[in-house]
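Each chain, written out:
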Amino acid sequence: ETDCGFRRVTCPISGCPQVILAKDVEDHQKTCNFRRMPCQYPHCGQEFYSWQLWEHERGCTKRPLPCPHIDCPTTLPKAALEEHAKSCEFRLE
């Protein structure tokens, strides 16, 4: 019976309560909301549940953003951008 792909099993990913068919476990794991995913931005190093990742990445202090001053080609992590913008050579007085 343990080889039957139609038996119902709980997702093996910690925290996921989803009950699925054994034959669908692999596909479910690829899209499971409880799978852990790393932030895409360099030097962040944090991991989140897939359903939390988008929210984190929007505000991640390591997220690269362009300088808000017109013509400035600089892109910096969000955490460093404010300091750069204060002394940017393209800043209008």
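Throughout what follows, the structure given in this document is the object of discussion. (Residues numbered from 1 in each chain as written. Predicted model: local features only at pLDDT ≥ 70, side-chain atom pairs only at ≥ 80, totals over all residues. Heavy atoms only, no water.)

### Here we look at the packing of aromatic side chains
Right, so step 1: Throughout the structure, instances matching the rule amount to two aromatic pairs.
Right, so step 2: An angle of 70° between the planes, with centres 5.5 Å apart, marks the rings of F34 and Y49 as edge-to-face. Of this pair, F34 sits in the loop between α1 (25-31) and β3 (36-38) while Y49 sits in strand β4 (residues 47-49); the two residues are 15 residues apart in sequence, bridging distant segments of the chain.
Right, so step 3: By relative accessible area, Y49 is classed as partly exposed at 25%.
Right, so step 4: When the ring of Y49 is compared with that of W51, the centres are 6.1 Å apart and the planes differ by 5°; the resulting orientation is stacked.
Right, so step 5: In textbook terms, an aromatic cluster arises when at least three aromatic residues are bridged by ring pairs, as seen for F34, Y49 and W51.
Right, so step 6: Above the plane of the ring of Y49 lies R36, whose end atom (NZ or CZ) is 4.8 Å from the centre. (Phe/Tyr/Trp six-rings, centres within 6.5 Å; stacked < 30°, edge-to-face > 60°. Helix = DSSP H or I, 4+ residues; strand = E, 2+ residues; numbered from the N terminus. Buried < 20%, exposed > 50% of the residue type's maximum accessible area, 1.4 Å probe, protein only. Lys NZ or Arg CZ within 6 Å of the ring centre and 35° of its normal.)

### Describing the pattern of salt bridges
Right, so step 1: The full count for this structure, using the stated rule, is four salt bridges.
Right, so step 2: Here R58 makes a salt bridge to E55, at a shortest N to O gap of 3.2 Å. In this pair, R58 and E55 both sit in helix α2 (residues 50-59), three residues apart, roughly one turn of the helix.
Right, so step 3: Its relative accessible area of 46% is what places E55 among the partly exposed residues. (Salt bridge = Lys/Arg side-chain N within 4 Å of Asp/Glu carboxyl O.)

### Comments concerning unusual backbone geometry
Right, so step 1: Phi angles above zero are rare outside glycine, and H43 is one such case at about 70°.
Right, so step 2: Assignment of secondary structure puts H43 in the loop between β3 and β4.
Right, so step 3: Note on H43: relative accessible area 74%, which makes it exposed.
Right, so step 4: Although it is not a glycine, D71 sits at a positive phi angle of roughly 75°.
Right, so step 5: For D71, the position within the fold is in the loop between β5 (64-66) and β6 (75-77).

### Description of the side chain of H84
Right, so step 1: With respect to the helices, strands and loops of the structure, H84 is situated in helix α3 (residues 78-87).
Right, so step 2: Owing to a relative accessible area of 18%, H84 belongs among the buried residues under this scheme.
Right, so step 3: When near neighbours in sequence (up to four residues on either side) are disregarded, H84 contacts C67, C72, T74 and L76. (Contact = heavy atoms within 4.5 Å.)

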